[in-house]
There are 2 protein chains.
Amino acid sequence: MWIAELSRQSDVPVATIKYYLREGLLPAGEAVGATRARYGETHVRRLRLIRALVEAGGLSLARVRNVLAEVDEESLEMHDVLGAAHGALIPTDLPATDESRRRVDDLIAERGWEVHSGSPDRALLANALDALEKVGYHLDDDLLKTYASAATQVADAEVAALPADDRQRTVEATVLVTALGGPVLLALRRLAQQSASARRYGMPRRPACDVGEGGVRSTG
Amino acid sequence: MWIAELSRQSDVPVATIKYYLREGLLPAGEAVGATRARYGETHVRRLRLIRALVEAGGLSLARVRNVLAEVDEESLEMHDVLGAAHGALIPTDLPATDESRRRVDDLIAERGWEVHSGSPDRALLANALDALEKVGYHLDDDLLKTYASAATQVADAEVAALPADDRQRTVEATVLVTALGGPVLLALRRLAQQSASARRYGMPRRPACDVGEGGVRSTG
């Protein structure tokens, strides 16, 4: 198909497609003459993937490029795809105290999780525990275990639900689930928090999106 | 204490404290003469809270201001604090299809969650389901229920762990748990995913932070 049809099928404007091509987010089409190119189904799918990561996942284009570059490596084995997606999604080299790092290591050992000692999520988690500690909020072991248990249930179900057909679809699903499953889980957690808070403190008088007479509104 | 001591105790530079004062993120100190002011323990705590939200929670200053303005409303009852924090944390008025909205409503009804019909998380969740659907990834009911069940366990434990002493500490803890519990949960989920992926596809050969010979690295 030509670029106009690609734009129609993917619901992405032609100018944006050209920008993605220049930026290397989208592989070039098959050249037909000097100025035209033909595109295929893989381009449609790739465009939809980019839009989902940007719009629903809230990722910057630079981060999307990192993720795609990592998982597009043909030499990458399936068992390295998830780690590659994670590595490109999260910041690395976050500072953390030895104590929080040890807490994370202990938790991983306790749960029998097979994760590399170099996984950036270890540091990210230790850093978050430190941040809470610094403001005088100690996340105690019971709550941490509850988080870990809930995380395990979710992760097991997510990985089990990955399609097993062709490699490209599995890679795409891995990226999508990793990037978009997070917002789904956090939205459900907030809804469940609202319900738990209603039980503890009584039902809110007004919807969460309309609080405080004359107060500052968050319409952003 | 003077501003220099406030800076030392909170580990925030004086210039940054002055910026927060000008921007209304931090309440003014008690004026002593024309150019000096005294600050107290509440200022130290407020500064630590701001830094935690910015550095570990990844919130913009504009968003931090929204959250604080919402929860600082003295007229706000405890049972409205959580909703106010949520309302200020997440974008509102996201588009979503009727079908996904109905799925979310059904799920909430099924779980017996007490949440307002106007909660922006309903739209956010429906929007995320739509985004996945659009890229050809249907998040099936079993997986959605697993998310909801995990979210409930986490939320119940989080709300139960909120301190019950003075109002200001409870409000702070509510904001912190809402903003920083998310990154903790997501980091644990990624670690658990890596472990589940290792079981399904075999152990990765290299750490997640160092994949692909000659491939693009994510050092950001």
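Presented here is a report on the structure given in the accompanying data block. (Residues numbered from 1 in each chain as written. Chains lettered and ligands numbered in written order. Predicted model: local features only at pLDDT ≥ 70, side-chain atom pairs only at ≥ 80, totals over all residues. Heavy atoms only, no water.)

## Side note on the relation of the copies chain A and chain B
Consideration 1: Least-squares fitting of chain A to chain B yields an RMSD of 0.0 Å, with the transformation described by 0.0 Å of translation along the axis and a rotation of 180°. Such a turn and shift between the copies fits a two-fold axis. When each C-alpha of chain A is compared by its distance to the rotation axis, A:Ala150 comes out closest, at 2.3 Å.
Consideration 2: A share of 100% of the interface residues of chain A reappears at the interface of chain B, consistent with the copies meeting face to face through the same patch. (Least-squares fit on C-alpha atoms with pLDDT ≥ 70 in both. Contact = heavy atoms within 4.5 Å.)

## Examining the interface of chain A and chain B
Consideration 1: In this complex, chain A contributes 113 residues to the contact, which on the side of chain B involves 113 residues.
Consideration 2: A combined buried area of about 10,100 Å² lies between chain A and chain B, and 65% of that area is made up of carbon and sulfur atoms.
Consideration 3: There are 6 salt bridges connecting chain A and chain B.
Consideration 4: The shortest N-O distance in the salt bridge between A:Glu158 and B:Arg189 comes to 3.1 Å.
Consideration 5: For the pair chain A and chain B, the number of links is 25 residue pairs in polar contact (both at pLDDT 80 or more).
Consideration 6: Going through the elements one at a time, α3 (41-56), α4 (61-72), α5 (78-89), α6 (98-111), α7 (120-134), α8 (141-160) and α9 (167-201) of chain A are the ones with two or more residues in the side of chain A that touches chain B.
Consideration 7: A total of 28 residues in the side of chain A that touches chain B trace back to one element, the largest contributor, which is α9(A).
Consideration 8: Of the residues belonging to the side of chain A that touches chain B, the class tally is 61 nonpolar, 30 polar and 22 charged. (Buried area = accessible area lost by both parts, 1.4 Å probe. Salt bridge = Lys/Arg side-chain N within 4 Å of Asp/Glu carboxyl O. Polar contact = N/O pair within 3.5 Å; in protein donor to acceptor, adjacent residues only side chain to side chain. Helix = DSSP H or I, 4+ residues; strand = E, 2+ residues; numbered from the N terminus. Nonpolar A, V, L, I, M, F, W, Y, C, P; charged D, E, K, R; others polar.)

## Description of the pattern of salt bridges
Residues and elements named next belong to chain B.
Consideration 1: Scanning all chains against the criterion turns up 18 salt bridges over all chains.
Consideration 2: Close ionic contact of Glu 110 with Lys 145 constitutes a salt bridge, the shortest N to O distance being 3.9 Å. With a gap of 35 residues between them, Glu 110 in helix α6 (residues 98-111) and Lys 145 in helix α8 (residues 141-160) connect regions that are remote in the sequence.
Consideration 3: Lys 145 sits in the partly exposed class, given a relative accessible area of 40%. (Buried < 20%, exposed > 50% of the residue type's maximum accessible area, 1.4 Å probe, protein only.)

## A few points about the nonpolar core
Consideration 1: Membership of the largest hydrophobic core comes to 134 residues, with the highest contact counts inside it found for A:Leu188 and B:Leu188.
Consideration 2: Per element, the largest residue contribution to this core is 15 residues, and it comes from helix α9 (residues 167-201) of chain B.
Consideration 3: In this structure, A:Leu188 is in contact with B:Leu107, B:Trp113, B:Leu125, B:Leu144, B:Tyr147, B:Ala148 and B:Ala151, ignoring residues within four places of it in sequence. (Core = buried A, V, L, I, M, F, W, Y, C linked by side-chain atoms within 4.5 Å.)

## Some details on the environment of B:Pro183
Consideration 1: Tracing the backbone through its elements, the reader meets B:Pro183 in helix α9.
Consideration 2: Taking relative accessible area as the criterion, B:Pro183 reaches 23% and is therefore assigned partly exposed.
Consideration 3: When the C-alpha positions of B:Pro183 and B:Gly58 are compared, they lie 9.3 Å apart, and in sequence the two are 125 residues distant.
Consideration 4: Once residues lying within four places of it in the same chain are set aside, the contact partners of B:Pro183 are A:Leu124 and B:Ala56.

## What to know about the packing of α6(B) against α8(B)
Residues and elements named next belong to chain B.
Consideration 1: Put simply, α6 and α8 touch, their axes get as near as 12 Å, and they point 50° apart. The pairing of α6 with α8 is recorded here as oblique in orientation. For the pair α6 and α8, the crossing hand works out as right-handed. Contacts from Arg 103, Leu 107, Glu 110 and Arg 111 of α6 reach α8 at Asp 141, Leu 144, Lys 145, Ala 148, Ser 149 and Thr 152. (Axes fitted to C-alpha atoms, helices over the stretch in contact; angles between N-to-C directions. Parallel < 35°, antiparallel > 145°, perpendicular 65-115°, else oblique. Left-handed = near helix turned anticlockwise from the far one by under 90°.)

Take it as geometry only, folks, not as evidence of what the structure does.
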